[in-house]
Every structure is written in C-alpha cells, then in structure tokens.
Amino acid sequence: MNAFDDVYKQVAGYEGWLRREQAAVLWAEAAALQPGATIVEIGSYHGKSTVILATAAPDKATVYAIDPHAGNDRGPGQWQGEAADGQADHDQFIAHLTTHGVRSRVTHVREFSQKAHLMIPGSVDLLYVDGAHGYRPALSDINGWGDRVVPGGTMAIHDVYTSFFVTLAVMRSLWFSREWTYVKRERSMAVYRRQSIDTSGVVRNAARQMRSMPWFIKNMAVKAAATVGLTKLAQRGHDPRGGLY
C-alpha cells in the first residue's frame, strides 16, 4: 500500500463529499509542489481534504484552510444552520488534523472566504475551492482567489456539474478564459492550470468543458426528481458507485 492509499483509507469514513479519485488528484498536485509552497483550501468541513493536502505537501509548505464553521452551507441543500453545528464541525476538524499529526502544518482561517484575503499573505500555488454553493460566493472564490494563483499554478473546484450555481459561476469565469487551461474533470471536480492561451486554445478549452454538460443535465434531473418526491426515478438515475459527486 502506498502513502496515498494508506492516508485515504484512514480518512475515507470522515463526513464530506470528496471521492477517492478526487483525493488522489489533490494528493498528486500537492506532492508536486516545491518546498515553501502555499496551498489554500476554501471549505474544509471535517478536514478530509485538508488532511490529504497537508500530508502530501512538501516540507515547509503552508496549508491555509478557510472555513468559518458557522453552521451554514454544510452540504447539498443545507443553506441554513445553527452555530452549535458549526462549532461541532470545527471541533471535529481540529480533532482530525490532530489525529493525523498535521495540526501544525495547517493554518485555519475561521472566516468566510471573501473576508479572508487580508489574513493570507502572498500568492497561491495550489487552490482548492469547495466553498459556499451560491452563485455570488462561488464566483467570488473563483475570480478573487483564482487571481492569486501563480502562473503555472493549479485551481481545483469541487461540485462543478453537480451544483447549478457553481456550474454557472464556472461557465462565466472559466469556459472562455484566456488565463486558465482546463486540465480534466474527476467526477464533480474540475481542474485548471493557470496559463495564457490564444483564441484557438480558448475554443478547445470551451469545447472540452462542454462535453460534461450531459452529465450535468442528468445530475440536475436526478436532484429535481428527488426534490419533488419522485424517489424511485431519482434512484434510477443515481450512480450506485458513489453518487453524484
């Protein structure tokens, strides 16, 4: 068993929607960084992805985990919440970091991502966005934090093609961008590299991303069926190998 398999086996049972294949992408991206690199994660929840990033990161790398743990937007459809839920999430997050021995490697910024810019200095080498799912906050995370990623750096975004508003934000910001190259999609995680591209590259970029639209439409149909109580229809469209995410 290699290092990633060992760590993922330990965190697999933690609450959260990060799949094994997606965790492997984050692990590989973090492991490829140079010593002293900066990683920013938006949306840590119970720390599954945080542990992956902090364990894989090279020596002297800094991992900033931004999550207000306010009890709201804790998962799909959970727009509102209670402060007690947020504190419980925070306690679980800290406990998981401590268990894996990465507490000292992670700087937790307990604030909403739009307000956290002044708390984190410098540029970003690897950005992982799994924050608020509303259109405006998602757009703010992609544009505001994406602007801080260094040339050649990576931005990975979770819940693309499973969250309507996150997908809209990605379409507006990245489908026709001249600054970001689409690398791949791992289920609902889309990966981008910050590098300038010409007009033909933009067209290819957009075309590659559009190929995921049938999957997006299916996911929206499954969610709609579940919302209106058509449980059997929703289950028929649900992927038993790991759900929509």
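Please refer to the structure higher up on the page.
Keep in mind it's a predicted model, so treat the numbers as computed, not measured.

About the thresholds
Residues numbered from 1 in each chain as written. Predicted model: local features only at pLDDT ≥ 70, side-chain atom pairs only at ≥ 80, totals over all residues. Heavy atoms only, no water. Patch = residues over 30% accessible without salt bridge, like charges linked within 9 Å, V, L, I, M, F, W, Y side chains within 5 Å. Areas by Shrake-Rupley, 256 points an atom, 1.4 Å probe, with all protein chains shown as cover. Salt bridge = Lys/Arg side-chain N within 4 Å of Asp/Glu carboxyl O. Helix = DSSP H or I, 4+ residues; strand = E, 2+ residues; numbered from the N terminus. Buried < 20%, exposed > 50% of the residue type's maximum accessible area, 1.4 Å probe, protein only. Axes fitted to C-alpha atoms, helices over the stretch in contact; angles between N-to-C directions. Parallel < 35°, antiparallel > 145°, perpendicular 65-115°, else oblique. Left-handed = near helix turned anticlockwise from the far one by under 90°. Contact = heavy atoms within 4.5 Å. Nonpolar A, V, L, I, M, F, W, Y, C, P; charged D, E, K, R; others polar. Pairing = 2+ DSSP bridges.

**Some remarks on a nonpolar patch on the surface**
- A cluster of nonpolar side chains, namely Phe164, Phe165 and Leu168, defines an oily patch on the protein surface of about 250 Å² accessible area.
- Mapped onto the fold, leucine 168 is located in helix H6 (residues 164-174).
- Leucine 168 gets classed as partly exposed once you look at its relative accessible area, which sits at 32%.

**Brief notes about the packing of helix H2 (residues 20-31) against helix H3 (residues 48-56)**
- Relative orientation of the contacting elements H2 and H3 amounts to 30°, with a least axis distance of 8 Å. With respect to each other, H2 and H3 are oriented roughly parallel. In this structure, H2 meets H3 at a crossing whose hand is right-handed. Mapping the contact onto sequence places Ala23, Leu26, Trp27, Ala30 and Ala31 in H2 and Ser49, Ile52, Leu53, Thr55 and Ala56 in H3.
- By residue class, the composition of the contact of H2 with H3 is eight nonpolar, two polar and no charged.

**Here's the deal with the packing of helix H5 (residues 135-146) against H6**
- In contact at an axis separation of 8 Å, H5 and H6 are set at 40° when each is read in the N-to-C sense. Comparing the axis directions of H5 and H6 gives the class oblique. Handedness of the crossing formed by H5 with H6: right-handed. The segment H5 lies against H6, with Tyr135, Ala138, Leu139, Ile142 and Asn143 engaging Phe165, Val166, Leu168, Ala169, Val170, Arg172, Ser173 and Leu174.
- Split into classes, the residues belonging to the contact of H5 with H6 amount to 10 nonpolar, two polar and one charged.

**Structural notes on the sheet that holds strand E2 (residues 62-66)**
- An order of E3-E2-E1-E4-E5-E7-E6 is seen for the seven strands of this open sheet, with the pairing classed as mixed. Whereas interior strands pair on both sides, the edge strands pair on one side only; in this sheet they are strand E3 (106-109) and strand E6 (180-186). Averaged over all pairs of adjacent strands, the angle between strand axes in this sheet comes to 15°, irrespective of strand direction.
- Bridge count for strand E5 (residues 149-157) against strand E7 (residues 189-194) is four bridges, and the pairing is antiparallel. Counted as the bridge partner of alanine 156 is valine 191 from E7.
- Seen against the sheet, H3 touches strand E1 (38-42), E2, E3 and strand E4 (124-129) and runs at an angle of roughly 175° to E1.
- Lying over the sheet, helix H7 (residues 199-210) contacts E6 and E7, oriented at roughly 20° with respect to E6.

Honestly, that's just the spatial picture; any functional story needs more than this.
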